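Spelled out from the first residue to the last, the chains are:
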Amino acid sequence: MPKLRQDPATRKWSIIATERTKRPDDFAGDGKDVAPLEAYDESCPFCPGNEHMTPEPMFTLPVEEGDGSGAWAVRVVPNKFAALSKPTGDNVSTARSRRGLYLEMDGIGEHEVVIEVPDHSKTIATMTEEEVSRVVATYKARFLELDRSEWNQQIIIFRNQGEGAGTSLAHPHSQIIGTPIVSEEIRNRLEVAQRYYDDCGTCVYCDMLQAEIEEKVRIVASNAGFVAFTPFASTVPYNTWIVPRRHASSFGVITDDETDLLGAMLRSVLNGMYTLLGNPDYNYVVRSAPHHSAGEPHFHWYLEILPRLTTRAGFEIGSGMNINVVVPEDAASQLREAAK
Ligand SMILES: [Zn+2]
Ligand SMILES: [Zn+2]
């Protein structure tokens with residue numbers, strides 16, 4: 001019989017459809033991974049030598065400190081097709097205007113692209129640990145910079161891998177957007193965590209982490225700083241959370257050691273998915289507290305990976321519940337093997 005499972009951190013129910021269970025092979029081998037990319041593409045705006053095709057970078061990590069050659073390891077540029085406009089001048093405001101029943105405000109914010117490595121053909125799964133750690137260190141530097149702006153109420157760091165996950169450029173990159181409002185997706189998590197804290201006096205994420213460590217069956221990988229597991233009520237097949245062992249509500253307080261440990265874990269989990277599922281499309285997102293909730297005892301930042309193996313259809317849209325065709329415990333044991 002299928003099971004309905006609830007995530008205590010979102011209160012969202014998912015259907016774990018045991019009778020329609022799919023194997024990794026049902027998702028893999030659709031040809032996405034048959035034509036490897038070249039390391040350089042002359043028409044790609046993110047490849048070395050084509051720097052003139054992007055706006056001026058706001059951040060660069062050199063290959064070697066002070067080598068003066070201009071060679072870069074990571075580069076951050078404004079998104080040419082930004083979702084929100086960077087606030088400039090005096091006529092900027094976060095004032096809401098009423099249009100009858102409806103609210104409207106200026107679409108201010110920041111939208112940056114993190115060009116993760118010079119090599120066009122790589123992806124997080126095929127980078128070195130050092131390369132991925134540099135990407136995470138860049139996330140931190142940009143998060144802190146964007147967090148200094150009075151306009152950015154929340155900062156979303158995310159990565160879209162593959163066309164099915166919404167990317168149009170193949171060159172390995174992630175994005176960071178600062179928004180002038182706290183959105184529903186974050187607000188709901190904060191409220192659920194606050195209520196849990198009121199009832200129990202503990203952080204729901206710390207409690208989940210402890211429960212997962214004790215139960216073991218959904219653990220994918222762990223190291224000194226982080227634990228990766230498939231949530232009990234996983235919303236999609238191979239849904240994976242990477243949760244810091246140390247309680248902190250804002251991603252901005254990640255230490256240098258944790259940056260390296262997260263880089264290593266992200267690489268190994270995504271490499272496991274790459275092998276098991278044949279270079280699947282996915283999104284990942286860093287879920288961090290908004291600016292004014294940094295330091296809260298009830299919220300706990302984490303990174304969530306959502307492989308794009310199935311399509312959200314009418315029932316999911318209508319109910320807000322997902323039908324997950326891979327049992328989280330099975331997903332964990334397969335990923336655990338593959339991520340070794
Ligand atoms: Zn490129
Ligand atoms: Zn916590």
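Structure's up top.
To start, this report covers the structure provided alongside it. (Residues numbered from 1 in each chain as written. Chains lettered and ligands numbered in written order. Predicted model: local features only at pLDDT ≥ 70, side-chain atom pairs only at ≥ 80, totals over all residues.)

### Points about the overall build of the protein
Logical step 1: Scanning the protein for helices and strands turns up seven helices and 15 strands.
Logical step 2: For 340 residues, the compact-globule estimate of 2.2 N^0.38 gives 20 Å, and the C-alpha radius of gyration of the protein, at 20 Å, lies within 12% of that figure.
Logical step 3: For the protein, the C-alpha atoms occupy an extent of roughly 60 × 55 × 40 Å along the three principal directions.
Logical step 4: The 340 residues of the protein split such that 38% are buried.
Logical step 5: Of the contacts made within the protein by residues no fewer than 6 positions apart, 73% connect residues no fewer than 24 positions apart. (Helix = DSSP H or I, 4+ residues; strand = E, 2+ residues; numbered from the N terminus. Rg over C-alpha atoms; globule rule 2.2 N^0.38 Å. Buried ≥ 20, exposed ≤ 12 C-beta atoms within 10 Å, placed from the backbone. Contact = placed C-beta atoms within 7 Å.)

### Considering helix α5 (residues 256-277)
One full turn of an α-helix is made of 3.6 residues, so residues set three or four places apart face in the same direction.
Logical step 1: Helix length check: α5 (22 residues) gives 31 Å between terminal C-alpha atoms against 32 Å at 1.5 Å per residue, within 8%.
Logical step 2: Among the 22 residues of α5, 17 are classified as buried, and the element is accordingly described as predominantly covered.
Logical step 3: With its phi angle positive at about 70°, G278 sits one or two positions after the end of α5. (Expected span 1.5 Å × (residues − 1).)

### Quick word on the nonpolar core
Logical step 1: Ranked by internal contacts, the top residues of the largest apolar core, which has 67 residues, are A228, I242, M265, V269, M273 and L335.
Logical step 2: Broken down by element, this core gets its largest block of residues, eleven residues, from α5.
Logical step 3: For M265, the residues in contact, after removing those within four places along its chain, are A221, N223, F226, A228 and I242. (Core = buried A, V, L, I, M, F, W, Y, C linked by C-beta atoms within 7 Å.)

### Considering helix α3 (residues 184-200)
Logical step 1: For α3, spanning 17 residues, the distance from its first C-alpha to its last is 24 Å, which sits close to the expected 24 Å at 1.5 Å a residue.
Logical step 2: Remark: G201 follows α3 within two positions and exhibits a positive phi of approximately 75°.

### Describing the packing of helix α2 (residues 129-147) against α5
Logical step 1: Where α2 contacts α5, the axes come no closer than 8 Å and their chain directions differ by 125°. By the angle between their axes, α2 is oblique relative to α5. As for how α2 packs across α5, the hand of that crossing is right-handed. Between α2 and α5, the contacting residues are E129, V132, S133, V135, V136, A137 and K140 on the first element and T259, D260, L262, G263, A264, L266 and R267 on the second. (Axes fitted to C-alpha atoms, helices over the stretch in contact; angles between N-to-C directions. Parallel < 35°, antiparallel > 145°, perpendicular 65-115°, else oblique. Left-handed = near helix turned anticlockwise from the far one by under 90°.)

### Considering the sheet that holds strand β1 (residues 3-6)
Logical step 1: In spatial order, the strands read β1-β2-β15; together these three strands make up an open sheet with mixed pairing. Each end of this open sheet is capped by a strand with a single partner; those strands are β1 and β15 (322-324). Here the average twist between neighbouring strands, direction ignored, is 35°.
Logical step 2: Examined bridge by bridge, β1 and strand β2 (residues 13-16) share four bridges and lie antiparallel to one another. When the bridges of β2 are listed, L4 appears paired with I15. (Pairing = 2+ DSSP bridges.)

### What about the packing of α5 against helix α7 (residues 328-338)?
Logical step 1: Interhelical geometry of α5 versus α7 gives an angle of 100° and a closest axis separation of 8 Å. Put simply, α5 runs roughly perpendicular to α7. For the pair α5 and α7, the contacting residues are V269, G272, M273, T275 and L276 in the first and Q334, L335 and A338 in the second.
Logical step 2: Split into classes, the residues belonging to the contact of α5 with α7 amount to five nonpolar, three polar and no charged. (Nonpolar A, V, L, I, M, F, W, Y, C, P; charged D, E, K, R; others polar.)

### Details of the environment of E150
Logical step 1: Among the secondary structure elements, E150 is positioned in the loop between α2 and β8 (154-161).
Logical step 2: On a C-alpha basis, the gap between E150 and I176 in space is 16 Å, while along the polypeptide they are 26 residues apart.

### Overview of the pairing of strand β13 (residues 282-287)
Logical step 1: As paired elements, β8 and β13 share five bridges and run antiparallel to each other. Residue pairing in the sheet places N160 in a bridge with N283 of β13.

### Observations concerning the sheet that holds β13
Logical step 1: One open sheet holds the ten strands; their spatial order is β3-β4-β7-β9-β8-β13-β14-β12-β11-β10, and the pairing between them is antiparallel. Two strands close off the open sheet at either side, each with one partner strand: β3 (59-62) and β10 (219-222). Ignoring strand direction, the axes of neighbouring strands in this sheet form an average angle of 15°.
Logical step 2: Sitting on the sheet, α7 touches β10, β11 (226-229) and β12 (240-244), and the angle it makes with β10 is about 35°.

### Quick look at the pairing of strand β14 (residues 302-307)
Logical step 1: Relative to β14, β12 is paired through three bridges, and the arrangement is antiparallel. Within β14, the position partnered with W241 by the bridge is E304.
Logical step 2: As paired elements, β13 and β14 share six bridges and run antiparallel to each other. Looking across to β14, one finds that Y284 is bridged to I305.

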